[in-house]
Amino acid sequence: MVLNSTVYEAAQASFRYHDELKSTTSEGEVEYRAEIIKEYGDMRLVKLTTKEQLDEEGKMMGHCVGSYYEQVIAGHLEIYSLRNSSGPHVTFEVQGNDVKQIKGKQNKSPVEKYLPVVKQVIMDMKWNPLCYDFKSIEWGKTEEEKDYLRPVAIKLENYEFFK
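This section reports on the structure supplied with the text. Quantities reported herein were computed from a predicted structural model and do not represent experimental measurements. (Residues numbered from 1 in each chain as written. Predicted model: local features only at pLDDT ≥ 70, side-chain atom pairs only at ≥ 80, totals over all residues. Heavy atoms only, no water.)

## Quick word on helix α4 (residues 115–125)
Phase 1: Turning to α4, its buried residues number three or more, namely Leu115, Val117, Val118, Lys119, Val121, Ile122 and Met123.
Phase 2: Directly beyond the C-terminal end of α4, a positive phi value near 60 degrees is found at Lys126. (Buried < 20%, exposed > 50% of the residue type's maximum accessible area, 1.4 Å probe, protein only. Helix = DSSP H or I, 4+ residues; strand = E, 2+ residues; numbered from the N terminus.)

So this is what it looks like as structure tokens:
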């Protein structure tokens, strides 16, 4: 039991859990349908709200989003999935308008071919993409992307911390 473990043992259990998840990725159409928020050609952004949807996303993507259900139903965060007919490809964790995580399969960066859609989703949803995974999505390649972040950059410049 993790609660009776040392910090080292708990960390080791967490690593084993994530390693097991990485080995379970799969392809194919999802069984548990989610609400489609927006379509992008053959891709669609869906919002995951049920335990079954989150568990399935975690299994197909090989990461731990299935463990976020309690936070989702409590309203602390929202989970979105970018999918096509072969299944999910990118998972977004969002709190308010702030993106907290952008993950591809096995907690890796999203595959490069999906990055234009990832960035379009962020702009369409009016999310703030500044998070730990920001660098991995290669933001700033287009003028539209640069313009989108200008207001955020101006706010950051005004924080006392940066002066």
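## Comments concerning the nonpolar core
Phase 1: Residues Leu82, Phe92, Ile102, Val118, Val121, Ile122 and Trp127 are the most contacted members of the largest nonpolar core, which totals 23 residues.
Phase 2: Of all the elements in the fold, those that place two or more residues in this core are β2 (43–48), β3 (78–84), β4 (87–95), β5 (98–103), α4 and α5 (143–158).
Phase 3: Among the elements that make up this core, the one with the highest residue count is α4 (6 residues).
Phase 4: Setting aside residues up to four positions removed in sequence, Leu82 forms contacts with Met43, Arg44, Leu45, Gly87, Pro88, His89, Val90, Phe92, Val117, Val118 and Val121.
Phase 5: Formed by 10 residues, the second largest nonpolar core is a distinct cluster that contains Ala34, Leu54, Cys64 and Ile79. (Core = buried A, V, L, I, M, F, W, Y, C linked by side-chain atoms within 4.5 Å. Contact = heavy atoms within 4.5 Å.)

## Some thoughts on the sheet that holds β3
Phase 1: Read from one edge of the open sheet, 5 strands run β1-β2-β3-β4-β5, paired in antiparallel fashion. Edge positions in the sheet fall to β1 (35–40) and β5, since each of these pairs with one other strand and no more. Direction aside, the axes of adjacent strands within the sheet are offset by 25 degrees on average.
Phase 2: Bridging between β3 and β4 involves 7 bridges; their strand directions are antiparallel. Residue pairing for β4: Glu78 is matched across the bridge by Val94. (Pairing = 2+ DSSP bridges. Axes fitted to C-alpha atoms, helices over the stretch in contact; angles between N-to-C directions.)

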